[in-house]
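Structural overview
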Amino acid sequence: MASETASNSAPAGEDDLDSFLSVVKSIAAADSRLTPAQQIERLNRPGSSYANLNPFAVLQVTADTAMDDIKKQFRRLSILVHPDKNPDDAARAQIAFDAVVKAWKVLENEEGYKRCLEIVEEAKAITEQNVKEKKKKLRKEGKSSAVDEDDPEKVRHTA
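Residues numbered from 1 in each chain as written. Predicted model: local features only at pLDDT ≥ 70, side-chain atom pairs only at ≥ 80, totals over all residues. Heavy atoms only, no water.

1. Digging into the side chain of Gln39
Relative to the helices and strands, Gln39 is located in helix α2 (residues 36-44). Given a relative accessible area of 3%, Gln39 falls into the buried group. A polar contact is formed between the side chain of Gln39 and the side chain of Arg42, at a distance of 2.8 Å. In contact with Gln39, not counting residues within four places along its chain, are Leu34, Gln60, Leu77, Leu80 and Val81. (Helix = DSSP H or I, 4+ residues; strand = E, 2+ residues; numbered from the N terminus. Buried < 20%, exposed > 50% of the residue type's maximum accessible area, 1.4 Å probe, protein only. Polar contact = N/O pair within 3.5 Å; in protein donor to acceptor, adjacent residues only side chain to side chain. Contact = heavy atoms within 4.5 Å.)

2. Some thoughts on helix α7 (residues 110-140)
The end-to-end C-alpha distance of α7 is 45 Å, a good match for the 45 Å that 31 residues give at a rise of 1.5 Å each. Buried within α7 are the following residues: Gly112, Tyr113, Cys116, Val120, Thr127, Val131 and Leu138. Looking at the residues trailing α7, positive phi occurs at Gly142, about 80°. (Expected span 1.5 Å × (residues − 1).)

3. Regarding the nonpolar core
Judged by nonpolar contacts, the single largest core of 24 residues is most densely connected at Phe56, Leu59, Ile70, Val81, Val100 and Leu107. Among the elements of the structure, α2, α4 (55-58), α5 (67-81), α6 (90-108) and α7 are those that each provide at least two residues to this core. Ignoring any residue separated from it by four or fewer positions in sequence, one finds Leu107 in contact with Pro55, Phe56, Leu59, Met67, Ile70, Tyr113 and Cys116. (Core = buried A, V, L, I, M, F, W, Y, C linked by side-chain atoms within 4.5 Å.)

Here's what the structure looks like:
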């Protein structure tokens, strides 16, 4: 019996290791996409002055991300886009760096963070209401009530 228990725990340990390694690989893959040039481009693209109003989007975090993780992401991005690290594109790097710093200043301030969370919650409620209305209209028309917003990733992006 003791050997059975030991042999049963080995696969669980292997599963945990496999799970851990897959998380590490996904983090490494995500980090590999975070090149300075790409981040500078993302923060300077057309329409970025409007897009950069959302501090969560600027820092590439979600509203439910822990403050410690938001701070780590701020530090990571600020180093990536810092003008001193990107002398070939210093002017655009300065704009990107300013956007990252501005986003962090909003979120590090408790009042600003709460205000942003309220906006996110309101956006979720509006999106939810719009989805309900869309489904109701589709049902009235006799069509399938499946909508794109049934995908949680699309809802997160919308809100």
